[in-house]
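As a plain string of letters, each chain reads:
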Amino acid sequence: MSETLKIAVQKSGRLYEGSMKLLKECGIEISNGNNQLRVLASNFPVEVFFLRDDDIPEYVQDSVADIGFVGENVVYETKKQVDCIEKLGFGKCRLSVAVPKNGTLKTTTDLNGRRIATSYPNILSSYLEKAGINATIHEISGSVEIAPRIGLADAICDLVSSGSTLFTNELKEIETILSSESILISNSNLSDEKKIILESLLFRIRSVKKAKNNKYVLLNAPNNKLDIICKLLPGMKSPTVLPLAESGWSSVHSVINESDFWNVIEKLKANGAQGILIIPIEKMIV
Ligand code: PRP
Ligand code: ZN
């Protein structure tokens, strides 16, 4: 029987949707209709395991799964022997220290002699050590945000994404100690056959990520400005320039990076570009 690559994905929570969406965008069909623990893809040699995110690094280290989609926060906290292969571009969040909004604690130095509740004792203790703060860490596995209210701790250290959990619990951030996003981790001793499947999956993931970071641009330009407009839109190789029916004008097609987008669009307009259309790209192979 030929091999399948076992992918560990969070079974529910912040990273579940992004993980499933990424697999779908990679053309991998998985139906998890019945809340199953593992599902075989119908058109690609992968099997998806749905697990608690905190357990994923250990399962990947121990070859229960070959690779996993998991937050960097969990990878750094659990300190398992896994290879970090590729950032996945979703699930962005930060690990922060937060205190009661109207309390007496204002800065991190106020944490000296205080108790901090967290599910991230390793990351927090190395932060405290570096910052020279002498606080007690209370490790709890869930609902960290309620610890100050029930008198279990004076502050918390937890993940913040939208900030709504902190807001609801009348807490405010005083320090970010780690920025995190989802990442693909791998077991360090994959068989050659599994490595080939992983390469093929990575090729798809990178094409999807690149497409998301770029947009297709179409515009009309006066011929006497084509040189400068083409320089503003170098594209993947060089822009496509086609004559318009109206003489003296051309249509220019290219690809533009999302981060340069507004800056470049202004320059294009200033150089006489008209009818600018920006179109999302689904996959991008360079
Ligand atoms: C984190 C954290 C908060 C929430 C913050 O949990 O523990 O509960 O997300 O998100 P917000 O700022 O958008 O409100 P996580 O998704 O890691 O789930 P888990 O603790 O069950 O693993
Ligand atoms: Zn978790």
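What you see is a predicted model; the values in this text were computed from it and never measured.

Student: Describe the layout of surface pockets, and please don't skip the residues or the numbers.
Tutor: Considering only enclosed or pocket space, the largest pocket measures out at about 800 Å³ in volume. Forming the walls of the largest pocket are 33 residues, and the residues nearest its centre are Asp 54, Ser 119, Tyr 120, Asp 158 and Leu 159. When residues of the lining of the largest pocket are traced back to their parent elements, those giving at least two are helix 3 (72-78), strand 9 (155-160) and helix 5 (164-168). Considered class by class, the residues forming the lining of the largest pocket number 10 nonpolar, 14 polar and 9 charged. Mapped onto the domain boundaries, the lining of the largest pocket takes at least three residues apiece from domain 1 (5-89 + 182-211) and domain 2 (93-180).

Student: How would you summarise the sheet that holds strand 7 (residues 115-118) if you had to cite specific residues and measurements?
Tutor: As summarised here, the arrangement of the 5 strands in space is 8-7-9-6-10, forming an open sheet in which the pairing is mixed. At either end of the open sheet lies a strand with only one pairing partner, and these are strand 8 (136-139) and strand 10 (171-180). Across the sheet, the mean angle separating the axes of adjacent strands is 25° when strand polarity is ignored.

Student: Describe the domain arrangement of the protein chain, with residues and values.
Tutor: Split by domain assignment, the protein chain resolves into domain 1 (5-89 + 182-211), domain 2 (93-180) and domain 3 (214-280). Distance from the C-alpha centre of domain 2 to the C-alpha centre of domain 3: 49 Å.

Student: So what's going on with the coordination of the zinc ion (ligand 2)? Which residues, and what values?
Tutor: Looking at the metal site, the zinc ion (ligand 2) is ligated by Asp 53 (OD), Asp 53 (OD) and Asp 54 (OD), spaced 2.3 to 2.7 Å from it. Here the zinc ion (ligand 2) is ringed by 4 donor atoms whose angles at the metal span 51 to 134°, and the overall shape comes out irregular. For Asp 53, a relative accessible area of 14% puts it in the buried group. Accessibility expressed as a relative area gives 30% for Asp 54, which makes it partly exposed.

About the criteria used
Residues numbered from 1 in each chain as written. Chains lettered and ligands numbered in written order. Predicted model: local features only at pLDDT ≥ 70, side-chain atom pairs only at ≥ 80, totals over all residues. Heavy atoms only, no water. 1 Å grid on protein atoms, 1.4 Å probe; cavity = no way out; pocket = protein on both sides within 12 Å on 5 of 7 lines; lining within 4 Å. Points joined across faces, edges and corners; volume = space filled by probe spheres on them. Helix = DSSP H or I, 4+ residues; strand = E, 2+ residues; numbered from the N terminus. Nonpolar A, V, L, I, M, F, W, Y, C, P; charged D, E, K, R; others polar. Domains from an automatic or database assignment. Pairing = 2+ DSSP bridges. Axes fitted to C-alpha atoms, helices over the stretch in contact; angles between N-to-C directions. Donors = N, O, S within 2.8 Å, 3.2 Å for Na, K, Ca; no water. Tetrahedral: all angles 85-135°; square planar, octahedral: opposite > 155°, others 65-115°. Buried < 20%, exposed > 50% of the residue type's maximum accessible area, 1.4 Å probe, protein only.

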